Amino acid sequence: MVEGEFSRNIGSISLEQQQMLQGATVSVIGCGGLGGFVIDGLARLGVGTLRICDLDCFSRSNLNRQLYATTASLGRYKAEVAAEQVSRIHDRTRVVPVTSRFQDVPEQLFPDTQVVVDCLDNQQGRLALADLCNQQRKSLPLVHGAVFQWHGQVGVQSGGGSLIHDLYAEQPDREEYTPSVLSCTVQVVAGLQVAETCKLLLSMESPLIDNWMIIDLERMTFEISHPITKEVHHDCSC
Amino acid sequence: MKITIKLFAYFRDGRFKKRVSDFFDEGTSPGEVITSLGLDLEDVGVIMVNNRHAAADSCLTEGDVLAVFPRIGGG
């Protein structure tokens, strides 16, 4: 293996860690902008099994930022196209595509998973996924990513954690919200999600565990927040 | 009262990154500060006061540090 596909990974990670990745399973929920680049990055890292889920098909408006969106893939299921494309990179990653709502098929997505990656594009889905991760027999860590224009955020919810609810639960979802998103933003955020997933699989530390970082590519700032802690309740009788 | 306001990501566009303000009265809520800056509360993701999660209708007091993060939700 070291002489082949992943020889240039060695040095950044050890041979033993490379073998750990080969034995790992990651579930990627959402195969669009973030998902496409996350799937690609995890395959090139050498993760052994990817369970990937998206019920959507590629449309023309995906072409500006979604790795596997091409004129040839328009109208096809994103998860199936992603699986095909990974098989063209190398044969060391088994990809299991699922074209259902993730909420309906957790038994297909999480049976042997070590890490879940949130590549969704809506708040309601993110909250449901966070709950599902915490409802598994052994609650699963969730690597969160989100993008908007030149901006993004990345964070890691540990098993049993509440990061996603802390970030999203207070606001109602927006109807028919189609934000502008640039490909460069998607690639940066997806790359950070891959890094965090790799570190989780290898039991490496990260300042983003139960915390999040906000990214501004206009000003080139990457700012890690203070962990979100219990709500303040200032007495309004002042 | 004197408070410090920190804005993040695109909330800084045409505004500021960090500002100390003595414009607001004791008891003003984060939501009132946010709307006074021309921001839509619907666009706000997380409000923190002194590094702790805070509600838009909570009360600010002298010396508080208010951090306002936009809601970022695309994928």
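The structure we're discussing is the one just above.
What this report covers is the structure whose coordinates are included nearby. All values derive from a computational prediction rather than experimental measurement.

1. Regarding the overall build of chain B
Thinking step 1. On a plain count of helices and strands, chain B comes out with 1 helix and 5 strands.
Thinking step 2. In chain B, the succession of α and β elements from N to C terminus is β-β-α-β-β-β.
Thinking step 3. In summary, chain B has a C-alpha radius of gyration of 12 Å against a globular reference of 11 Å for 75 residues, a match within 12%.
Thinking step 4. Seen through its C-alpha atoms, chain B measures out along the principal axes to roughly 40 × 25 × 20 Å.
Thinking step 5. The burial tally for chain B puts 57% of its 75 residues in the buried class.
Thinking step 6. Of all intrachain contacts in chain B linking residues separated by at least 6 positions in sequence, the fraction that spans at least 24 positions is 54%.
Thinking step 7. For chain B, the accessible area works out to roughly 3,100 Å², and carbon and sulfur atoms hold 45% of it.

2. Focus on helix α5 (residues 123-135) of chain A
Note that an α-helix has 3.6 residues per turn; residues three or four places apart therefore point the same way.
All names here are of chain A.
Thinking step 1. With 13 residues, α5 ought to run about 18 Å at 1.5 Å a step, and its terminal C-alpha atoms sit 18 Å apart, in line with that.
Thinking step 2. Looking at α5, one finds that the buried residues are Gln-123, Gly-125, Arg-126, Leu-127, Leu-129, Ala-130, Leu-132 and Cys-133.
Thinking step 3. Summarising the contacts, the buried residues of α5 are in contact with β1 (25-29), α4 (106-109), β4 (115-118), β5 (142-148), β6 (151-157) and α6 (163-168).
Thinking step 4. The N-capping residue of α5, defined by a side-chain oxygen 2.6 Å from the backbone nitrogen of Gly-125, is Asn-122.

3. As for the interface of chain B and chain A
Thinking step 1. Chain B puts 33 residues into the contact, and the matching count from chain A is 44 residues.
Thinking step 2. In this assembly, chain B packs against chain A so that about 3,100 Å² is buried in total across both faces, 55% of it on carbon and sulfur atoms.
Thinking step 3. Its largest share of buried area at the contact with chain A, chain B owes to His-53, Arg-71 and Ile-72 of chain B, together 25% of the area lost on that side.
Thinking step 4. Where chain B meets chain A, there are 2 salt bridges.
Thinking step 5. Residue Glu-223 of chain A is joined to Arg-12 of chain B by a salt bridge in which the shortest nitrogen-to-oxygen separation is 3.0 Å.
Thinking step 6. Applying the counting rule to chain B against chain A returns 10 residue pairs in polar contact (both at pLDDT 80 or more).
Thinking step 7. Put simply, the parts of the chain that give the side of chain B that touches chain A at least two residues each are β3 (44-49), β4 (52-53) and β5 (65-70) of chain B.
Thinking step 8. Here the side of chain B that touches chain A gets 5 residues from one element, more than from any other, and that element is β3 of chain B.
Thinking step 9. Partitioned by chemical class, the residues of the side of chain B that touches chain A number 15 nonpolar, 9 polar and 9 charged.

Reading the values: the criteria
- Residues numbered from 1 in each chain as written.
- Chains lettered and ligands numbered in written order.
- Predicted model: local features only at pLDDT ≥ 70, side-chain atom pairs only at ≥ 80, totals over all residues.
- Heavy atoms only, no water.
- Helix = DSSP H or I, 4+ residues; strand = E, 2+ residues; numbered from the N terminus.
- Rg over C-alpha atoms; globule rule 2.2 N^0.38 Å.
- Buried < 20%, exposed > 50% of the residue type's maximum accessible area, 1.4 Å probe, protein only.
- Contact = heavy atoms within 4.5 Å.
- Areas by Shrake-Rupley, 256 points an atom, 1.4 Å probe, with all protein chains shown as cover.
- Expected span 1.5 Å × (residues − 1).
- Polar contact = N/O pair within 3.5 Å; in protein donor to acceptor, adjacent residues only side chain to side chain.
- Buried area = accessible area lost by both parts, 1.4 Å probe.
- Salt bridge = Lys/Arg side-chain N within 4 Å of Asp/Glu carboxyl O.
- Nonpolar A, V, L, I, M, F, W, Y, C, P; charged D, E, K, R; others polar.

Functional significance is not addressed by these values, which are geometric in nature.
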